[in-house]
Amino acid sequence: MPSSVTIALHGKVFNDEVKPHIKRVVDFFNQANVELTVSQLFARKFTEAFPEYSDFAIFKKLKVEDKIDYLISLGGDGTLLEAVNYVGALEIPILGINTGRLGFLATTSKDKIDKALSDLLNKNYKIDSRALIYLETSSKVFGEKPFALNEFAILKTDSSSMITVHTYVDGEYLNSYWADGLIVATPTGSTGYSLSCGGPIILPHSNNFVITPVSAHNLNVRPLIVSDQSVISFKIEGRSNKFLVSLDSKSHSVDSTVKMSVRKGDFKAKLITFDQSNYFDTLRQKLNWGLDLRN
């Protein structure tokens, strides 16, 4: 195996049950003479768990000059969303190893680690390019990372009063949502927060967004699918002047003076998949489709 391969690792806090699986990953790459770099957030737990491994670099952010070939996410879907945040416009291919439970995105299970890593280094994989949602604001609310793989959300901060989200598609008035919030999800994100609020499942490459209200105060308001070529903009009202906006796991408090719109991102998240991976299999497995006590 060529020694020029450099792989970034990102994970979260893990327990003793998960530790052997992470060790398998590290041992595999050490034996393959692969250069490793570990995210700063993961490095402390990593060194505590594996004091024998000290020959690796630590990154706070990834840069072009780092020449990273792949990023491996060790955890669940939340960890993989953080990995997308690290990669951004670099479009480094990401492999999600699922040491968590759900795993719509991190689909490589613990029992398939060795084969997945071998296929990775032998370039026996496919790239599944997923569209991102990009937030434009009148102030840099999310700094250099105003993008998300799953969804953008506007939410109330007060525990009692709803908010009103006046919504426009390509400058034309769509609706005023009286609700606890509003979600704009990508097809990838349609199986996340949007789904829990009654939104539809959209296949990954459908080139759409879904606008889903959170606890709408009008029963006739339903989720709406729009083209991802559209620009969706908002004006927010409420008794409180503060609102919460989020991009996947990132969130900030803003006031009603901040102008916001979302559109499809100019770059994509490149997820590594293997021949045995199938989106419909994942849906059936994770959503328990077809399981019935009568069967």
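Above this text you will find the structure in question.
Now for a quick tour of the structure.

Basis of the calculations
Residues numbered from 1 in each chain as written. Predicted model: local features only at pLDDT ≥ 70, side-chain atom pairs only at ≥ 80, totals over all residues. Heavy atoms only, no water. Helix = DSSP H or I, 4+ residues; strand = E, 2+ residues; numbered from the N terminus. Rg over C-alpha atoms; globule rule 2.2 N^0.38 Å. Buried < 20%, exposed > 50% of the residue type's maximum accessible area, 1.4 Å probe, protein only. Contact = heavy atoms within 4.5 Å. Areas by Shrake-Rupley, 256 points an atom, 1.4 Å probe, with all protein chains shown as cover. Lys, Arg positive; Asp, Glu negative; His and termini not counted. Charge placed at Lys NZ, Arg CZ, Asp CG, Glu CD. Pairing = 2+ DSSP bridges. Axes fitted to C-alpha atoms, helices over the stretch in contact; angles between N-to-C directions. Salt bridge = Lys/Arg side-chain N within 4 Å of Asp/Glu carboxyl O. Polar contact = N/O pair within 3.5 Å; in protein donor to acceptor, adjacent residues only side chain to side chain.

1. Quick notes on the overall build of the protein chain
Then step 1. Summing up its helical and strand segments, the protein chain has six helices and 17 strands in all.
Then step 2. The C-alpha radius of gyration computed for the protein chain amounts to 20 Å, which stays within 12% of the reference 19 Å derived for 295 residues, consistent with globular compactness.
Then step 3. For the protein chain, the spread of C-alpha atoms along the three principal axes comes to 60 × 55 × 35 Å.
Then step 4. Out of the 295 residues belonging to the protein chain, those deemed buried represent 51%.
Then step 5. The long-range share in the protein chain, meaning contacts at least 24 apart out of those at least 6 apart in sequence, stands at 68%.
Then step 6. Per element, the accessible surface of the protein chain, about 14900 Å² overall, is 49% carbon and sulfur.
Then step 7. Of the side chains in the protein chain, 33 bear a positive and 32 a negative charge, and the two mean positions are spaced by 2 Å.

2. Brief notes about the sheet that holds strand β16 (residues 250-255)
Then step 1. Across the sheet, six strands lie side by side as β13-β12-β11-β8-β15-β16; this open sheet has antiparallel pairing. Here the strands that pair on one side only, and so sit at the sheet edges, are β13 (224-227) and β16. The mean inter-strand angle of the sheet, taken between neighbouring strand axes irrespective of direction, is 20 degrees.
Then step 2. Pairing geometry for strand β8 (residues 151-156) and strand β15 (residues 242-247), over five bridges, is antiparallel. Paired with Leu155 across the two strands is Leu244, which belongs to β15.

3. Brief notes about the pattern of salt bridges
Side chains bearing opposite charge may pair, as long as their charged atoms lie close to each other.
Then step 1. For the coordinates displayed, the defined rule picks out 14 salt bridges.
Then step 2. A salt bridge links Lys23 to Asp27; the shortest N-O distance between them is 2.8 Å. Remark: Asp27 and Lys23 occur in helix α1 (residues 19-31); sequence separation between them is four residues, near one turn of the helix.
Then step 3. For Lys23, a relative accessible area of 31% puts it in the partly exposed group.
Then step 4. We note a salt bridge from Glu91 to Lys270, for which the minimum N-O separation is 3.7 Å. Here Glu91, found in the loop between α3 (77-87) and β5 (94-98), pairs with Lys270, found in strand β17 (residues 260-273); they are 179 residues apart in sequence, far enough to count as distant.
Then step 5. A relative accessible area of 25% means that Glu91 is categorised as partly exposed.
Then step 6. The exposure class assigned to Lys270 is partly exposed, which follows from its relative accessible area of 27%.

4. Comments concerning the environment of Asp228
Then step 1. Here Asp228 shows up in the loop between β13 and β14 (232-238).
Then step 2. Separated by 32 residues in sequence, Asp228 and Met260 have C-alpha atoms that sit 16 Å apart.
Then step 3. A distance of 3.2 Å separates the side chain of Asp228 from the side chain of Gln229, its partner in a polar contact.

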